[in-house]
Amino acid sequence: TDERFLPASELANMVVFSERVAQEFGDGLIVRLAGGQVVREAERLQFTPLRLVHAEESLEISGGIAGEQLQDIRLQASQIDLAEVQRLLALPDPMSGRATLQVLLSGILPAPLLQVDLTVQPEGRRNLPFQRVRVSLAYAQQLLQGHVDIQQADQETLNVTLRLPVDMALTAMAPEQRLVEG
């Protein structure tokens, strides 16, 4: 058989982006889809680095889910324009600057492992009480831990440590059941 062609049964569950694809949206927004593959099979969903790019901004996802197994799902958002985030979330004050986000999700649905790093660097506004905000979170074994660092004028001005016993299982559960004894 010719390896370049997949059987129709497999092709129906796969989307391959081997060349750069550009899409123009309203307001002159052009987003490029630069490579990647999405495969869906019976109990499996797999992303082979799927990357969206706009100007300096990029969003990339990779990893997958097989049954209840989370297979190193990685999300990386780089140089995200805060003005667009402000507009999308309808935040009251205009904001400019950049944000970077990295997320790693692994483990299993009932007991996920989560690592999150977020950095926000506003630009242009002198009246903000900070120059940079950095948030790091980690979740494992029903405990969410993290640090929030707020930096002003090249010195650390506030450091908050978080420890919250909570069940973040990716399963159906009533909100009141999520807080656990710690």
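So, how was this worked out
- Residues numbered from 1 in each chain as written.
- Predicted model: local features only at pLDDT ≥ 70, side-chain atom pairs only at ≥ 80, totals over all residues.
- Heavy atoms only, no water.
- Salt bridge = Lys/Arg side-chain N within 4 Å of Asp/Glu carboxyl O.
- Helix = DSSP H or I, 4+ residues; strand = E, 2+ residues; numbered from the N terminus.
- pLDDT = per-residue confidence, 0-100.
- Contact = heavy atoms within 4.5 Å.
- Core = buried A, V, L, I, M, F, W, Y, C linked by side-chain atoms within 4.5 Å.
- Buried < 20%, exposed > 50% of the residue type's maximum accessible area, 1.4 Å probe, protein only.
- Pairing = 2+ DSSP bridges.
- Patch = residues over 30% accessible without salt bridge, like charges linked within 9 Å, V, L, I, M, F, W, Y side chains within 5 Å.
- Areas by Shrake-Rupley, 256 points an atom, 1.4 Å probe, with all protein chains shown as cover.

In this structure the tally under the stated criterion is three salt bridges. Between Arg-44 and Glu-41 there is a salt bridge, with the nearest N and O atoms lying 3.0 Å from each other. For Glu-56, the salt bridge goes to Arg-98, with nearest N and O atoms at 2.7 Å. Of this pair, Glu-56 sits in the loop between strand 3 (44-54) and strand 4 (57-66) while Arg-98 sits in strand 6 (residues 97-108), and the two are 42 residues apart along the sequence.

Residues with a pLDDT of 70 or more make up 75% of the chain, whose mean pLDDT is 79. The weakest mean pLDDT in the chain belongs to helix 1 (residues 8-11) at 44; the strongest belongs to strand 6 at 94. Every residue in residues 1-12 is under pLDDT 50, and counting partners more than four places away or in other chains gives one contact.

Turning our eyes to something else, we now look at the nonpolar core. Judged by nonpolar contacts, Leu-82, Ala-99, Val-120, Val-133 and Val-135 together constitute the single largest core of five residues. If we ignore the near neighbours within four places in the chain, the residues touching Val-120 are Leu-82, Arg-98, Ala-99, Gln-131, Arg-132 and Val-133.

Across nine bridges, the pairing between strand 3 and strand 4 is antiparallel. Looking at strand 4, one finds that Leu-50 is bridged to Ile-61. From the end of strand 3 to the start of strand 4, which pair antiparallel, there are two residues, and Ala-55 there has a positive phi angle of about 50°. The pairing of strand 4 with strand 5 (residues 69-81) spans eight bridges and is classified as antiparallel. Its bridge partner lying in strand 5, Leu-59 is registered against Ala-77.

This paragraph deals with the environment of Ser-62. Turning to its location among the elements, Ser-62 is positioned in strand 4. Classification of Ser-62 by relative accessible area gives buried; the value is 13%. Considered as a pair, Ser-62 and Gln-37 are 25 residues apart in the sequence and their alpha carbons are 9.2 Å apart. With residues near it in sequence (within four places) discarded, Ser-62 still touches Phe-47, Pro-49, Asp-72, Ile-73 and Arg-74.

A separate point is the environment of Leu-179. When you line up the elements, Leu-179 lands in the segment after strand 10 (155-165). Assessed through its relative accessible area of 59%, Leu-179 is described here as exposed. Sequence separation of Leu-179 and Val-166 is 13 residues, and the distance between their C-alpha atoms is 4.4 Å. Not counting the four nearest positions on each side in its chain, Leu-179 is found in contact with Leu-164, Pro-165 and Val-166.

Further remarks concern a nonpolar patch on the surface. A cluster of nonpolar residues, Leu-162, Leu-164 and Leu-179, forms a patch on the protein surface that exposes about 250 Å² of accessible area. The residue Leu-162 is located in strand 10 in this model. Here Leu-162 falls in the partly exposed class, since its relative accessible area comes to 33%.

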